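Take a look at the letters that make up each chain.
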Amino acid sequence: MRTFLVLATALFFQACGAGLFHGDRVTVDRDFIYLDDPVFLQSKSAYGQRNQGFFSFQLPIFFNANPQDSLRFGPGAVSVAAAAPVSPRSDSAGPDGRGRISCLVDTGGMLADPAAIGKRFQDSGRTLVLSPGRGGNAKVDLNFYCKSYDPPWGRTDTLFLAFRKNAGTEGFKDVAMSLPFHVSYRGPVVSIMVGLGLLYLFTQAGVLISGS
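Residues numbered from 1 in each chain as written. Predicted model: local features only at pLDDT ≥ 70, side-chain atom pairs only at ≥ 80, totals over all residues. Heavy atoms only, no water.

(A) Fine view of the overall build of the protein chain. Looking only at helices and strands, the protein chain features three helices and eleven strands. For the protein chain, the sequential pattern of α-helices and β-strands runs α-β-β-β-β-β-β-β-α-β-β-β-β-α. For the protein chain, the residues scored as buried account for 37% of the 212 residues in total. Looking at the protein chain alone, contacts between residues at least 24 apart form 72% of all its contacts between residues at least 6 apart. Accessible area of the protein chain: about 11600 Å², with a carbon and sulfur share of 58%. (Helix = DSSP H or I, 4+ residues; strand = E, 2+ residues; numbered from the N terminus. Buried < 20%, exposed > 50% of the residue type's maximum accessible area, 1.4 Å probe, protein only. Contact = heavy atoms within 4.5 Å. Areas by Shrake-Rupley, 256 points an atom, 1.4 Å probe, with all protein chains shown as cover.)

(B) Inspection of the side chain of Gln58 at higher detail. Within the secondary structure layout, Gln58 lies in strand β4 (residues 54–63). One polar contact links the side chain of Gln58 to the main-chain carbonyl oxygen of Gly109, over a distance of 3.4 Å. Of the polar contacts made by the side chain of Gln58, one reaches the side chain of Asn143; its length is 2.6 Å. When near neighbours in sequence (up to four residues on either side) are disregarded, Gln58 contacts Ala46, Tyr47, Gly108, Gly109, Met110, Leu111, Asp141, Leu142 and Asn143. (Polar contact = N/O pair within 3.5 Å; in protein donor to acceptor, adjacent residues only side chain to side chain.)

(C) Region of interest: unusual backbone geometry. Here Ser148, not a glycine, exhibits a phi torsion of approximately 55 degrees, which is positive. Within the secondary structure, Ser148 sits in the loop between β9 (138–147) and β10 (157–166). Under the relative-accessibility criterion, Ser148 is labelled buried at 5%.

(D) Expanded view of the packing of aromatic side chains. Enumeration over the complete set of coordinates arrives at six aromatic pairs. Taking 5.8 Å as the distance between ring centres and 45 degrees as the angle between the ring planes, the aromatic pair formed by Phe55 and Phe57 counts as tilted. Judged by its relative accessible area of 1%, Phe57 falls in the buried class. Ring centres of Phe55 and Tyr149 lie 5.8 Å apart, and the angle between their planes is 90 degrees; on these two criteria the pair is classed as edge-to-face. A residue pair is termed long-range when its members are at least 10 positions apart, and Phe55 in strand β4 and Tyr149 in the loop between β9 and β10 qualify at 94 residues. Of the two residues, Phe55 and Tyr149, both sit in the buried class. Ring-pair connections join several aromatic residues into one group, and the members of that group are Phe55, Phe57, Phe144, Tyr149 and Phe181. One Lys or Arg, Arg100, reaches over the ring of Phe160 and ends 3.7 Å from the middle of that ring. (Phe/Tyr/Trp six-rings, centres within 6.5 Å; stacked < 30°, edge-to-face > 60°. Lys NZ or Arg CZ within 6 Å of the ring centre and 35° of its normal.)

(E) Structural context of the pairing of strand β3 (residues 45–51). Pairing between strand β1 (residues 24–28) and β3: four bridges, direction antiparallel. Opposite Asp24, over in β3, you have Gly48 as the bridge partner. Relative to β4, β3 is paired through four bridges, and the arrangement is antiparallel. Looking across to β4, one finds that Gly48 is bridged to Phe57. Joining the antiparallel neighbours β3 and β4 is a turn of two residues, in which Gln52 adopts a positive phi near 50 degrees. (Pairing = 2+ DSSP bridges.)

This is the structure in structure tokens:
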């Protein structure tokens, strides 16, 4: 019985780590769903990761455009303004001249590993072009990577997006958007605490059952 309880606890702990608590929770504090915006969020919440001097998170968006339209994210298109001063680290120049932390944007179903992110920062002149394709309004996973950024829980910072929209015959239009957001918890820490607590409770229950 004790072995069964310990095994069940381990499986539950693994499920928590892979499911509910697999990263920091990033929540956008704006109802960013206006239909006349070039992009709008599918969900206000996402999961972030902290690794090797980067903070990375993914926002699923809908590209609100006609088939002939496109969005262009050039160098300096994405940055974060922290609500408190950010100290520069030895591996980065820290905030730019605007007091913002420079970020990169990419697409894909999964966040890139740290090695790939490092190469992307070296190729900072790259322009990301998004096109809706035949379907018009298409879902796109935008991945953001911010270097030397370690947001504390609860503080509201702001993600800035600056890009150009090519609206077919109307030509290019410069678009600027701001998304206030906060990070609510560090997922791995929560999962470890929950797992250890359940392991202790089930172990004690096993001792009581075997003793009786």
